[in-house]
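Single-letter residue listing:
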Amino acid sequence: MSTRTISFLFILAPFLILVGCGATNEPLTEVNWQQMENTVKGQNFTFVAKTIETMRSGSANRIDNPGYLKMDGDQVDLQLKYFGSSQVSTTYGRAEGLRVVGPASDLSSNRNEDGKSYDLNFTVSNKSETLECNLRIFSGMRAVLNVNSNLRSSIRYDGIIQ
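The structure presented is a predicted model; accordingly, all values stated were derived computationally and were not measured.

What to know about the nonpolar core
Thought 1: With 31 residues, the main nonpolar core has Phe-47, Leu-98, Phe-122, Leu-135, Leu-145 and Tyr-157 as its most contacted residues.
Thought 2: In this structure, Phe-47 is in contact with Gly-67, Tyr-68, Leu-69, Leu-135, Ala-143, Val-144, Leu-145, Tyr-157, Asp-158, Gly-159, Ile-160 and Ile-161, ignoring residues within four places of it in sequence.

As structure tokens, this is what we get:
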């Protein structure tokens, strides 16, 4: 290869990378924003988890029974698999996953222009555990649910909104 060809490639390659990266950074349309806002504000949806990611063990695919979060107004039905460390020893007969049915408190939502998403934050509790949840909804109804517990290490679920 001649030095002229190599020089041309060194100029062309960064240009193609910059153009390619810029294409993925397009602003969302008002229709995309409206769809996400209607989902968050309507609070009537089901989040279906597809993958689980913990801080220590990496990512684990859960296709057989990934779990879900159903929200109807301020009522939450959450049943998700859990992989991670617990700060309290488990007792015989106790469910190992996250299971909460009841009202959400501290509900808040906001439009995240930089992340091109809508965030829904809330807290839910059962008899022994309090979960702080952040559901981030992206265009195309892809979503990420981060859960922080008072008894377990944090966990993240990637999935979709139905």
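On we go.
Some details on the packing of aromatic side chains
Thought 1: Inspection of every chain in the model, using the stated rule, returns one aromatic pair.
Thought 2: Relative to Tyr-118, the ring of Trp-33 lies with its centre 5.9 Å away and its plane at 70 degrees, an arrangement referred to as edge-to-face. Taken together, the residues span a long stretch of sequence, with Trp-33 in helix 2 (residues 30-42) and Tyr-118 in strand 7 (residues 117-125) at a distance of 85 residues. Each member of the pair Trp-33 and Tyr-118 is classed as buried.
Thought 3: The positively charged end of Lys-70 is found above the aromatic ring belonging to Tyr-68, 5.0 Å away from the centroid.
Thought 4: The residue whose ring lies beneath Arg-142 is Phe-138, and the NZ or CZ to ring-centre distance is 4.3 Å.

Focus on the pairing of strand 4 (residues 75-80)
Thought 1: Of the two faces of strand 4, the one holding Val-76, Leu-78 and Leu-80 is buried and the one holding Gln-75, Asp-77 and Gln-79 is not buried anywhere.
Thought 2: The sheet contact formed by strand 3 (residues 67-72) and strand 4 spans six bridges and is antiparallel. Bridge assignment links Lys-70 to a residue of strand 4, and that residue is Asp-77.
Thought 3: As consecutive antiparallel partners, strand 3 and strand 4 are separated by two residues, and within that stretch Gly-73 has a phi angle of approximately 70 degrees, a positive value.

Focus: the confidence of the model for the protein
Regions with low pLDDT carry predicted coordinates that are not meant to be interpreted in detail.
Thought 1: Taken over all residues, the pLDDT of the protein has a mean of 78, while the share at 70 or more is 69%.
Thought 2: Segment residues 12-24: pLDDT under 50, and two contacts once partners within four positions in sequence are set aside and those in other chains are kept.

Structural notes on the pairing of strand 9 (residues 142-149)
The side chains of a regular strand alternate between both faces of the sheet.
Thought 1: The sheet contact formed by strand 8 (residues 130-138) and strand 9 spans seven bridges and is antiparallel. Bridged to Leu-135 within strand 9 is Leu-145.
Thought 2: Connecting the antiparallel pair strand 8 and strand 9 is a turn made up of three residues, with Gly-140 showing a positive phi of about 85 degrees.
Thought 3: Inspection of the sheet shows strand 9 paired to strand 10 (residues 155-161) by six bridges, in the antiparallel sense. Bridge assignment links Val-147 to a residue of strand 10, and that residue is Ile-155.

What counts, and at which threshold
Residues numbered from 1 in each chain as written. Predicted model: local features only at pLDDT ≥ 70, side-chain atom pairs only at ≥ 80, totals over all residues. Heavy atoms only, no water. Core = buried A, V, L, I, M, F, W, Y, C linked by side-chain atoms within 4.5 Å. Buried < 20%, exposed > 50% of the residue type's maximum accessible area, 1.4 Å probe, protein only. Contact = heavy atoms within 4.5 Å. Phe/Tyr/Trp six-rings, centres within 6.5 Å; stacked < 30°, edge-to-face > 60°. Helix = DSSP H or I, 4+ residues; strand = E, 2+ residues; numbered from the N terminus. Lys NZ or Arg CZ within 6 Å of the ring centre and 35° of its normal. Pairing = 2+ DSSP bridges. pLDDT = per-residue confidence, 0-100.

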